[in-house]
Amino acid sequence: MSDNRVVQGRMVTPVTLAELVEDGDVMDAEAIEDADRDCPDCGGDVISVGYMPSVTEFVTGYKCQDCDWATTDRDD
Ligand SMILES: [Zn+2]
């Protein structure tokens, strides 16, 4: 998978983006997509990534491309 994106000035792969959102290691991640939402902190563009923090769990993570804001569908 090679759809890298720039987040906070740094190039991320799906796995490294998922690790930013999770704040830890992840097993696998799907392609990065544009999320249909704006960052609640800075109004910047939000991207999403589906990932597996463990073999039994699948989470969709959201991350602002411009600031530290991140969340997952687990938090809703
Ligand atoms: Zn932001």
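In case you missed it, the structure is sitting above this.
Predicted, not measured: the structure shown is a model, and the values here were computed from it. (Residues numbered from 1 in each chain as written. Predicted model: local features only at pLDDT ≥ 70, side-chain atom pairs only at ≥ 80, totals over all residues. Heavy atoms only, no water.)

Now for the overall build of the protein chain. Counting its regular elements, the protein chain contains one helix and seven strands. Counting from the amino terminus, helix and strand elements in the protein chain follow one another as β-β-α-β-β-β-β-β. A compact globule built from 76 residues should have a C-alpha radius of gyration of about 11 Å, and the protein chain, at 11 Å, falls within 12% of that. The buried share among the 76 residues of the protein chain stands at 39%. When contacts within the protein chain are restricted to residue pairs at least 6 apart in sequence, long-range pairs at least 24 apart make up 38% of them. When the accessible area of the protein chain is evaluated, it comes to approximately 4,500 Å², of which 41% is carbon and sulfur surface. Taken as two groups, the 5 positive and 19 negative side-chain charges of the protein chain have centres that lie 3 Å from each other. (Helix = DSSP H or I, 4+ residues; strand = E, 2+ residues; numbered from the N terminus. Rg over C-alpha atoms; globule rule 2.2 N^0.38 Å. Buried < 20%, exposed > 50% of the residue type's maximum accessible area, 1.4 Å probe, protein only. Contact = heavy atoms within 4.5 Å. Areas by Shrake-Rupley, 256 points an atom, 1.4 Å probe, with all protein chains shown as cover. Lys, Arg positive; Asp, Glu negative; His and termini not counted. Charge placed at Lys NZ, Arg CZ, Asp CG, Glu CD.)

Before going further, it helps to examine the environment of Cys42. Assignment of secondary structure puts Cys42 in the loop between β4 (33–38) and β5 (45–54). Taking the C-alpha atoms as reference, Cys42 lies 8.5 Å from Cys64; in sequence the two are 22 residues apart. Beyond its immediate sequence surroundings of up to four residues, Cys42 is in contact with Cys64, Asp66 and Cys67.

Turning our attention to helix α1 (residues 14–22). Within the sequence span of α1, burial applies to Pro14, Leu17, Ala18 and Val21. Each buried residue of α1 lies within a common arc of 100° when the element is viewed along its axis, so the set occupies one face. At its buried positions, α1 is contacted by β1 (5–7), β2 (10–12), β3 (28–29), β5, β6 (57–64) and β7 (70–72). Looking one or two places after α1, you find Asp23, whose phi comes out positive at around 60°. (Arc of directions from axis to C-beta.)

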